[in-house]
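Coordinate analysis (summary)
Each chain, letter by letter, is given below.
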Amino acid sequence: MPPTPTPPAPATVTPIAPTAVASTPYPGHVLKLGEPNNAAVRVLRVRLNEVGCGPVAATGPFDVAVGQATKLFQSRFTDLDGQPLKVDGQVGPISWAALFGADAVPASTGPIAPLLARALEVAASQVGVMEQPLGSNRGPQVDQYLKSTGTPFGSAWCAAFLYWCFDQAADPLGRANPLVRTGGVLAHWNGARTRGIPRLLALNAIANPALVRPGLIFVISHGAGTGHTGLVEGVEAGKLVTIEGNTNDNGSREGIGVFRRFQRKINSINKGFIDYGEL
């Protein structure tokens with residue numbers, strides 16, 4: 001009886017691209033097909049050749065060949081956390097960091113406004129709070145979140161959680177809570193616009209990740225008037241560390257507790273961010 005052939009070893013993904021010789025700053029916008037022949041595209045072309053995803057010519061615009069080489073890179077390598085890259089042939093901050101290193105994507109620096117710093121502390125103290133029973137949108141602490149905005153018990157509570165956190169943060173500072181008092185995610189987003197509260201639109205955040213800083217409130221729309229929101233705790237290489245209520249480890253908008261999450265990407269925040277730091 002002939003021996004059973006040995007199956008081929010499964011394909012593996014190279015964790016991270018070889019370190020670039022010099023960190024090249026992210027150009028401040030997503031590079032994609034049609035980008036003219038400029039300094040960012042030229043260093044991208046050189047880098048794609050360096051990591052074995054060419055050959056592409058050393059100069060020229062972002063053409064089909066560069067797009068294909070970018071897709072090859074995205075399929076072969078991971079982001080800096082070892083997670084798969086989105087294979088779309090476009091180079092945003094996460095793919096740029098994978099190519100050139102975390103230092104190539106600017107991060108916000110500078111002090112955090114006292115209210116935002118305190119709100120982050122309050123939010124962090126709530127990590128681990130769970131619904132009782134799970135899946136009910138109820139529980140002693142969850143009811144407190146909902147009560148702070150006058151939202152009926154049993155409702156989705158991610159927005160109410162943030163209002164409660166800022167309520168707890170504002171009181172010892174001797175000031176009023178500046179947040180729009182609502183349990184609705186999109187009502188908060190639209191109310192901030194009406195009241196002139198600074199908002200960072202998604203397009204601008206993706207273009208310049210340095211604008212996203214701890215203490216901002218992210219807002220995602222899921223369509224049909226639904227959404228999800230949470231508090232930014234940290235930013236690195238196009239990814240967010242967030243504290244969110246009414247979520248779970250997978251980032252659901254109808255989760256079961258308060259979680260700290262590490263895998264949200266700036267380009268997944270499709271509405272933008274609300275900034276109470278100057279109020």
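Conventions used here
- By convention here, each chain's residues receive numbers from 1 onward along its written sequence.
- In keeping with the model being predicted, local features are shown solely for residues with a pLDDT of at least 70 and side-chain atom pairs are shown and tallied solely at 80 or more, while totals for entire chains, interfaces and linings include all residues.
- With hydrogens and water excluded, all non-hydrogen atoms of the structure serve as input to the side-chain values.
- Only protein chains enter the accessibility calculation, which uses a 1.4 Å probe; a residue whose area is less than 20% of its type maximum is buried, one above 50% is exposed, and one in between is partly exposed.
- Helix and strand assignments come from DSSP, with helices taken as H or I runs of at least 4 residues and strands as E runs of at least 2, each series counted from the N terminus.
- By the convention used here, strands pair only if DSSP detects at least 2 bridges between them.
- Side-chain atoms within 4.5 Å link the members of a nonpolar core, which is a set of buried Ala, Val, Leu, Ile, Met, Phe, Trp, Tyr and Cys residues.
- Contact between two residues is taken to exist if any of their heavy atoms lie within 4.5 Å; hydrogens are not considered.
- Every helix has an expected span of 1.5 Å times one less than the residues it contains.
- Any N or O atom pair separated by 3.5 Å or less is treated as a polar contact, with the protein-specific requirement of one donor-capable and one acceptor-capable atom, and with residues adjacent in sequence counted only for side-chain atom pairs.

**Remarks on the pairing of strand β3 (residues 226–236)**
Most of β3 is tucked away: 8 of the 11 residues are buried. Of the pairings in the sheet, the one linking strand β2 (residues 217–223) to β3 comprises 6 bridges and is antiparallel in character. Bridging from a neighbouring strand, Ile217 pairs with Leu231 of β3. In sequence, β2 turns back onto β3 through a hairpin of 2 residues, with Ala224 there showing a positive phi of about 55°. As judged from the 5 bridges shared by β3 and strand β4 (residues 239–247), these two strands associate in the antiparallel manner. What sits directly across from Leu231, in β4, is Ile243. Linking β3 back to β4 in an antiparallel pair, the connection comprises 2 residues, with Ala237 at a positive phi of about 50°.

**Regarding the nonpolar core**
One finds Tyr145, Phe161, Phe166, Ile217, Ile274 and Tyr276 to be the most contacted residues of the largest nonpolar core, which totals 37 residues. Secondary structure elements with two or more residues in this core: α4 (114–125), α5 (140–149), α6 (158–170), α7 (185–194) and β2. Not counting the four nearest positions on each side in its chain, Ile274 is found in contact with His188, Trp189, Ala192, Ile197, Pro198, Leu216, Ile217 and Val219. In this structure, Leu31, Ala97, Ala98 and Phe100 belong to the second largest nonpolar core, which totals 25 residues.

**A few points about helix α1 (residues 39–50)**
Over its 12 residues, α1 runs 17 Å from end to end, which matches the ideal 16 Å to within 8%, given 1.5 Å per residue. Three or more residues of α1 are buried, namely Ala40, Val41, Leu44, Arg45, Arg47 and Leu48. Buried residues belonging to α1 abut α2 (64–76) and α3 (93–100). Where α1 begins, the side chain of Asn38 points an oxygen toward the backbone nitrogen of Ala40, at a separation of 3.2 Å.

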